[in-house]
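# Tertiary structure, described
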Amino acid sequence: NVSSSRFTFAMLNRFSCLARSNCACYATLITRPLHSRCSNSTADKSPFAQGWITDDARTTVFGNYADEYARLRPDYPDALFSHIVSHCLANPELNLNPLRDAPAQALDLGTGTGRAALKLHDAGFIVTAAEPDVGMLQQARNNLADCRFVNFMNVPAENTGFAKDRFQLVTCFQAWHWVDNTVGLAEVRRVLSDKGWFVVAWNDRDLTDPKVMALETLMEKYNPHYTRDARQCDVWGDRLQAHGHFELVEFRNFDNQLAINDVQHLIDLAHTFSYVKNALTPVQLKAFDDDMYHTFEGLKQWEMPLLTRTYFLKPRL
């Protein structure tokens, strides 16, 4: 019962020490529903937003709070981009250098506020940042105004309009779950060169952390369509290889974290989640916030642990 299990921050810290010593034992301290892993590996429609966002709204809803996304959402670890570069440098036909003379072309799908596009640009790619949400795309333009080698396009992943084999790298960060998998994979294969790479990544909260578990419990309480296990993105290997377009070469988790200053900061972050912001009525959102204040009372300077789930795929020839 969530309402009778409002933890103080001191209690969470105490449990945290126990969790580090024995995560299996810690699981008995917080009661939560047990969910089967919903990989849905053969489905082509994302189940993430069923019950709170319609298909028509997916290209407009997030731009309404693009500023909050830019301010509150986590970045991606540098080690991930170093790994991308190492894969690309293994192809002698690709050229990565600051001068961009005949350089590698990268397409970042669902670029959002441009976090990944910026790092690809700094790694030496000429980047096309593609985003179907006009508000998000404008935020990316603002954030990357000083990047000479980034182009911005208001197009969806399923129908980019780019020439065949144009790109040597296609990426999608924190967005592929909004894409029609069948159409999207075919389009990525069309625009990606035969020796190119397709990289898909998500930042997932680390469910072994006790404060993360408390946060997940509250979100499940207020949004019955949401489950923490279905939100985890370590089960996409089969889906990304569906229809024979790509072969999974490597799946890797990169350690990541997000600095949380206090309870209000954590609440503001939660308000950027579609399964909170777009799922709850104003009355429910107020009750959720009240529960958050009670649960995380006294929270200061928490490094929220994340796992950046990353798939490295090559075209099937």
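One can find the structure itself at the top, above this paragraph.
Described below are features of the structure shown in this document. Along each chain, the written sequence defines residue order, and numbers are assigned to residues from 1. Whole-chain, interface and lining totals are the exception, using all residues; otherwise, since this is a predicted model, local features are given only for residues with pLDDT of at least 70 and side-chain atom pairs are given and counted only at 80 or more. Calculation of side-chain values draws on the structure's entire complement of heavy atoms; hydrogens and water are dropped beforehand.

### Some thoughts on unusual backbone geometry
Definition in use: In DSSP terms, a helix is any run of H or I states spanning at least four residues, a strand is any run of E spanning at least two, and both are numbered starting from the N terminus. A simple rule labels every residue: compare its accessible area, found with a 1.4 Å probe on the protein chains alone, to the largest value its type can have, and call it buried under 20%, exposed over 50%, or partly exposed in between.
Positive phi, normally seen in glycine, also occurs at H243, with a value near 70°. Mapped onto the elements, H243 comes out in the loop between α10 (237–240) and β6 (246–262). A positive phi angle, close to 45°, is found at Q301, a residue other than glycine. For Q301, the location among the structural elements is in strand β7 (residues 300–315). For Q301, a relative accessible area of 57% translates into the label exposed.

### Examining the sheet that holds strand β2 (residues 126–130)
So the rule is basically this: Any two strands with at least two DSSP bridges between them are considered paired. Under this scheme, a helix contributes an axis fitted over its contacting stretch, all axes are lines through C-alpha atoms, and angles between N-to-C directions fall in the 0 to 180 degree range.
Across the sheet, which stays open at both edges, the 7 strands sit in the order β3-β2-β1-β4-β5-β7-β6 with mixed pairing between neighbours. Bordering the open sheet on either side are β3 (150–153) and β6, each of which pairs with just one other strand. Ignoring which end each strand starts from, the neighbouring axes of this sheet average 20° apart. The pairing of β6 with β7 spans 15 bridges and is classified as antiparallel. When the sheet's bridge partners are listed, F251 is paired in β7 with Y311.

### Overview of the nonpolar core
Selection criterion: Note on terminology: a nonpolar core comprises buried Ala, Val, Leu, Ile, Met, Phe, Trp, Tyr and Cys residues joined through side-chain atoms within 4.5 Å. The contact definition used throughout considers only heavy atoms, calling two residues in contact when any of these lie within 4.5 Å.
Among the nonpolar cores identified, the biggest contains 28 residues, and F81, I84, F125, L169 and F173 are the most heavily contacted of them. Looking at this core, the elements that each hand over two or more residues are α4 (78–89), α5 (115–122), β2, α6 (134–143), β3, β4 (167–173) and β5 (192–205). Examining the composition of this core, we find that 5 residues originate from one element, α4, more than from any other. Once residues within four sequence positions are removed from consideration, F81 is found in contact with Y76, A116, K119, L120 and F173. Core analysis: the next-biggest nonpolar cluster, separate from the first, contains 27 residues, A214, L285, M292 and L299 among them.

### What to know about the pairing of β4
Defined as follows: We call a crossover right-handed when, viewed with both strands directed away from the observer, the connection leading from the first strand over the helix to the second proceeds clockwise.
The element β4 is extensively covered by neighbouring structure, given that 7 of its 7 residues are classed as buried. The pairing of strand β1 (residues 105–109) with β4 spans 4 bridges and is parallel. The residue of β4 that forms the bridge with L107 is V170. Between the parallel pair β4 and β5, the chain is carried across by helix α7 (residues 181–191), and the sense of this crossover is right-handed.

### Considerations on the packing of helix α11 (residues 263–270) against helix α13 (residues 282–295)
Threshold: Note on convention: the crossing is left-handed when the near helix lies turned anticlockwise from the far helix by less than a right angle, right-handed when the turn is clockwise. Note that Gly is not counted as nonpolar here; it falls among the polar residues with everything else outside the nonpolar set of Ala, Val, Leu, Ile, Met, Phe, Trp, Tyr, Cys and Pro and the charged set of Asp, Glu, Lys and Arg.
One way to put it is that α11 packs onto α13 with a least axis distance of 10 Å and a crossing angle of 145°. In this structure, α11 meets α13 at a crossing whose hand is right-handed. Facing V263, Q264, L266, I267 and A270 of α11, the residues of α13 in contact are F288, D289, M292 and Y293. Residue composition of the contact of α11 with α13, by class: 7 nonpolar, 1 polar and 1 charged.

### Notes on α11
Heads up, the condition is: Pairing of N or O atoms within 3.5 Å defines a polar contact, subject to two protein rules: one partner must be a possible hydrogen donor and the other a possible acceptor, and residues neighboring in sequence count only if both atoms are side-chain atoms.
Taken across its 8 residues, α11 has 6 buried, putting it largely inside the fold. Burial in α11 covers these residues: V263, H265, L266, I267, L269 and A270. In this structure D262 caps α11, since a side-chain oxygen of it lies 3.2 Å from the backbone nitrogen of Q264.

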